[in-house]
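Chains, contacts and geometry: an overview
As a plain string of letters, each chain reads:
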Number of protein chains: 2
Amino acid sequence: MLSEFSLIDRFFARRAARARSPSSAADSANSALRKGTIALGIGDDCALIAPPAGEMMAISTDMLVEGRHFFADVEPRALGHKALAVNLSDLAAMGAKPLAFTLAFSLPRADETWLAAFSDGLFDLAERCDCELVGGDTTRGPLNLCITVFGSVPTHVALRRDAAREGDDIWVSGTLGDARAGLGIARGEWQANANDAAHFRRALERPEPRVELGLALRGLAHAALDISDGLAGDLMHILERSRMNATVDADALPRSAQLSRLPADVQRRCTVAGGDDYELCFTAPVAARASIEKVSDNVGIRATRIGTITAPEPAAAAPTIAWHDAAGAPLTLTLQSFDHFHAD
Amino acid sequence: MLSEFSLIDRFFARRAARARSPSSAADSANSALRKGTIALGIGDDCALIAPPAGEMMAISTDMLVEGRHFFADVEPRALGHKALAVNLSDLAAMGAKPLAFTLAFSLPRADETWLAAFSDGLFDLAERCDCELVGGDTTRGPLNLCITVFGSVPTHVALRRDAAREGDDIWVSGTLGDARAGLGIARGEWQANANDAAHFRRALERPEPRVELGLALRGLAHAALDISDGLAGDLMHILERSRMNATVDADALPRSAQLSRLPADVQRRCTVAGGDDYELCFTAPVAARASIEKVSDNVGIRATRIGTITAPEPAAAAPTIAWHDAAGAPLTLTLQSFDHFHAD
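Cut-offs applied
Residues numbered from 1 in each chain as written. Chains lettered and ligands numbered in written order. Predicted model: local features only at pLDDT ≥ 70, side-chain atom pairs only at ≥ 80, totals over all residues. Heavy atoms only, no water. Buried < 20%, exposed > 50% of the residue type's maximum accessible area, 1.4 Å probe, protein only. Helix = DSSP H or I, 4+ residues; strand = E, 2+ residues; numbered from the N terminus. Pairing = 2+ DSSP bridges. Contact = heavy atoms within 4.5 Å. Buried area = accessible area lost by both parts, 1.4 Å probe. Salt bridge = Lys/Arg side-chain N within 4 Å of Asp/Glu carboxyl O. Polar contact = N/O pair within 3.5 Å; in protein donor to acceptor, adjacent residues only side chain to side chain. Domains from an automatic or database assignment. Arc of directions from axis to C-beta. Expected span 1.5 Å × (residues − 1). Axes fitted to C-alpha atoms, helices over the stretch in contact; angles between N-to-C directions. Parallel < 35°, antiparallel > 145°, perpendicular 65-115°, else oblique. Left-handed = near helix turned anticlockwise from the far one by under 90°. Nonpolar A, V, L, I, M, F, W, Y, C, P; charged D, E, K, R; others polar. Least-squares fit on C-alpha atoms with pLDDT ≥ 70 in both.

1. A closer look at the pairing of strand β12 (residues 321–324) of chain B
Residue and element names in this part refer to chain B. Burial along β12 is one-sided: the face carrying I321 and W323 is buried and the face carrying A322 and H324 is not. Relative to β12, strand β9 (residues 245–249) is paired through four bridges, and the arrangement is parallel. Across the sheet, residue T247 finds its bridge partner in β12, namely A322.

The following block contains the structure:
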């Protein structure tokens, strides 16, 4: 059994240091200014970091618990990826550039094979996104992962939830519903052929944070968030914070070829209220359409218009989403978004 | 059963906003510069914060797990205090000024009474230390609390672990061992009268982060850390990072009147290797003695000299601490520091 400190050192601190060396070597004053500064990483009471001059630090934290966010038999490499991916997705939704993260976790036992695979998945994504591990904490306990991520963004271009304006288009990135389809297959709610099932499982276990798209949307999009609990519920957060309503074409929600092979009611359920998509939902003025299609092409991530931000009802207590189908006929949707404290 | 979002809003977001209003009203450009900026708090994908101009953000994360860091029957108010206190203690050990924190937790169920008491303990300390809740995450699962805390410090006065120099005095704040004495009483390892037992339990459950002392030690102390896993093990971290040795007088370790009433071997065990002290251990040049005693008086926290930083053995693999008693006779101590992954 490894002691706590040798365990941290072996799988995390050393690789964090290795990952850091190349960029330190290339560290010009110019890149430090653009990227932010990490003056002190793992190994002290605190890390010391700073955003680039004139920018803000964007901070988000997510906790992943076995049985709620992943299955007990999840591949540790996929879990390492996902634990960081869902946090980077929050930076993407803010238009922030990744800088660093901390990792705290409790584990039932210090299993070297598991830790090696978990840290591989984690660092592969961290290095690809140029996001350095700067601190952490490990303890014995039921499996629980808590990552806090730090990025940087100039205040005036941050993609806030409260910035949607009347007449804005509503957009989503990528496709929706594949992760929910994967969960449904794992639960036996519906079936798919082996290839499609593998696609859905991959969507569930290895979401790709839309960091580049978020950066490209600075100055173009008004409001944004990442879809973690399902479009219906998450879009409501933009409407609440912006005090707006919306109309959305449920048939326009982008879906994969694989999802299109599932029954129509399953497609609707997965695209409208599926959790774990980690795509961006954002609003932008009509005048920005061509620019958004161009940056979407540039970063290789599809962006689809799904609806419009509309004026709030006078004195309405809560915002509403008017759903309709491709023919314009109204739809009544009663689907709830994913909510961790609802009864199972 | 409250839904996740109404639960967060009720106990955390609203009070975070209330706590923020008074300081916002008093926000002069000057105080913002000194204190750092919180441009966006709870409710978006990310918080947006910045350290004061020219300073670094000091960041630390700690995870608390039932059965490892607290008893299942801990008072939730005390737990709310301690979860934040152990994180603020890391800022103190860096000489950093508290600015903000995030809270992620998993709970078996959304118990309103428990949450009300927990959030009271948390916010009482947060407001006292002027540290704002800026983000969080809640989920259902075994009780687990993860706080990440943000402070600010100018790089050149940060109290790093690698800054101890040969000839430095070694100091500790407050008294050592009371929390370990409380744990021993709870476990039935030893007994004390009811008043002393209550004192020990309070030390275990309501540690006071030494934030003001940490700030006062800027420019005076060389190296510092907070004692969370016991002096013997934690001092070793300073020695490893600074590549130094130390001599320490085990009889000089400051202890409470209550601890002095326990058997001598228990006193030694608790002061040398007790966990959960959350006192500062720091090193400083001999020339700083009078200044340290003065700032210690000013903030009302005792500081005691316990030993000296000495030169490393040439080519030694690991640093050593030479323990001796008040008469100068060498002691052989085999006590381990607290290590979460050692067998129970």
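After that view of the structure, there is still more to cover.
2. Section: the side chain of K82 of chain A
All names here are of chain A. In this structure, K82 sits in helix α3 (residues 76–94). Judged by its relative accessible area of 5%, K82 falls in the buried class. In this view, K82 contacts L64, H69, L204, E205, P207, D276 and Y278; residues no more than four positions away in its chain are not counted.

3. Brief notes about the interface of chain A and chain B
Counting residues at the interface gives 71 residues for chain A and 71 residues for chain B. A combined buried area of about 5,600 Å² lies between chain A and chain B, and 62% of that area is made up of carbon and sulfur atoms. The interface formed by chain A and chain B contains four salt bridges. For D45 of chain A, the salt bridge goes to R161 of chain B, with nearest N and O atoms at 3.0 Å. At the surface where chain A touches chain B, the tally comes to 16 residue pairs in polar contact (both at pLDDT 80 or more). Counting residues per element, the side of chain A that touches chain B draws most heavily on strand β3 (residues 56–65) of chain A, which supplies nine residues. The pairing of strand β2 (residues 47–50) of chain A with strand β3 (residues 56–65) of chain B spans three bridges and is antiparallel.

4. Overview of the domain arrangement of chain A
Many analyses report the size of an interface as the accessible area lost when the parts associate. Residues and elements named next belong to chain A. By the assigned domains, chain A splits into domain 1 (4–156) and domain 2 (159–324). Spacing between the C-alpha centres of domain 1 and domain 2 amounts to 26 Å. Contact with domain 1, which involves 24 residues of that partner, is made by 22 residues of domain 2. Counting each side, the surface lost to burial between domain 1 and domain 2 is near 1,900 Å², with a carbon and sulfur contribution of 57%.

5. Side note on helix α11 (residues 289–299) of chain A
All names here are of chain A. Those residues of α11 lying buried are I292, V295 and S296. When α11 is viewed along its axis, its buried side chains cluster within an angular range of 105° and face the same direction. Away from the buried face of α11 by more than 90 degrees, exposed residues A290, K294, D297 and N298 are located. Immediately downstream of α11, the backbone of G300 shows phi near 75°, a positive value.

6. Some details on α3 of chain A
All names here are of chain A. Taking 1.5 Å of rise per residue, the 19 residues of α3 would be expected to cover 27 Å, and the 28 Å separating its terminal C-alpha atoms lies within 8% of that figure. Here α3 lies mainly inside the structure; 18 of its 19 residues are buried. At the C-terminal side of α3, G95 shows a positive phi close to 75°.

7. Some remarks on the packing of helix α5 (residues 178–187) of chain B against helix α6 (residues 194–205) of chain B
Residues and elements named next belong to chain B. Contact pair α5 / α6: the axes reach a minimum separation of 7 Å and the direction vectors enclose 115°. Taken together, α5 and α6 sit at an angle that is classed as roughly perpendicular. Handedness of the α5/α6 crossing: left-handed. Of the residues in α6, those in contact with D178, A179, A181, G182, L183 and I185 of α5 are A197, H199, F200, R201, A203 and L204. Taken together, the residues of the contact of α5 with α6 sort by class into eight nonpolar, two polar and two charged.

8. Re the relation of the copies chain A and chain B
Related by rotation about an axis and a shift along that axis, the two copies of the chain form a pair. Turning chain A through 180° and shifting it by 0.0 Å along the axis lays it on chain B, with an RMSD of 0.0 Å. On this basis, the relationship between the two copies can be described by a two-fold rotation axis.

9. A look at the sheet that holds β12 of chain B
Residue and element names in this part refer to chain B. In space, the six strands of this open sheet follow the order β8-β10-β7-β11-β9-β12, with mixed pairing throughout. Whereas interior strands pair on both sides, the edge strands pair on one side only; in this sheet they are β8 (224–227) and β12. Within this sheet the neighbouring strands show an average axis-to-axis angle of 25°, counted without direction. Pairing of strand β7 (residues 169–173) with strand β11 (residues 303–310), which is carried by five bridges, proceeds in the antiparallel orientation. Note on β11: the bridge partner recorded for I170 is G307. Together, β7, β8, β9, β10 (279–284), β11 and β12 form the strand contacts of helix α8 (residues 231–242), whose direction differs from that of β8 by roughly 160°.

10. Looking at the pattern of salt bridges
Should their charged atoms come close, side chains of opposite charge can pair. Residues and elements named next belong to chain A. Counted by the stated rule, this structure contains 30 salt bridges over all chains. Of the charged contacts, one joins D124 and R77 as a salt bridge, the two residues approaching to 2.4 Å between their closest N and O atoms. Of the two residues, D124 is situated in helix α4 (residues 112–128) and R77 in helix α3; the sequence distance between them amounts to 47 residues. Of the residues examined, D124 reaches a relative accessible area of 31% and is grouped as partly exposed.

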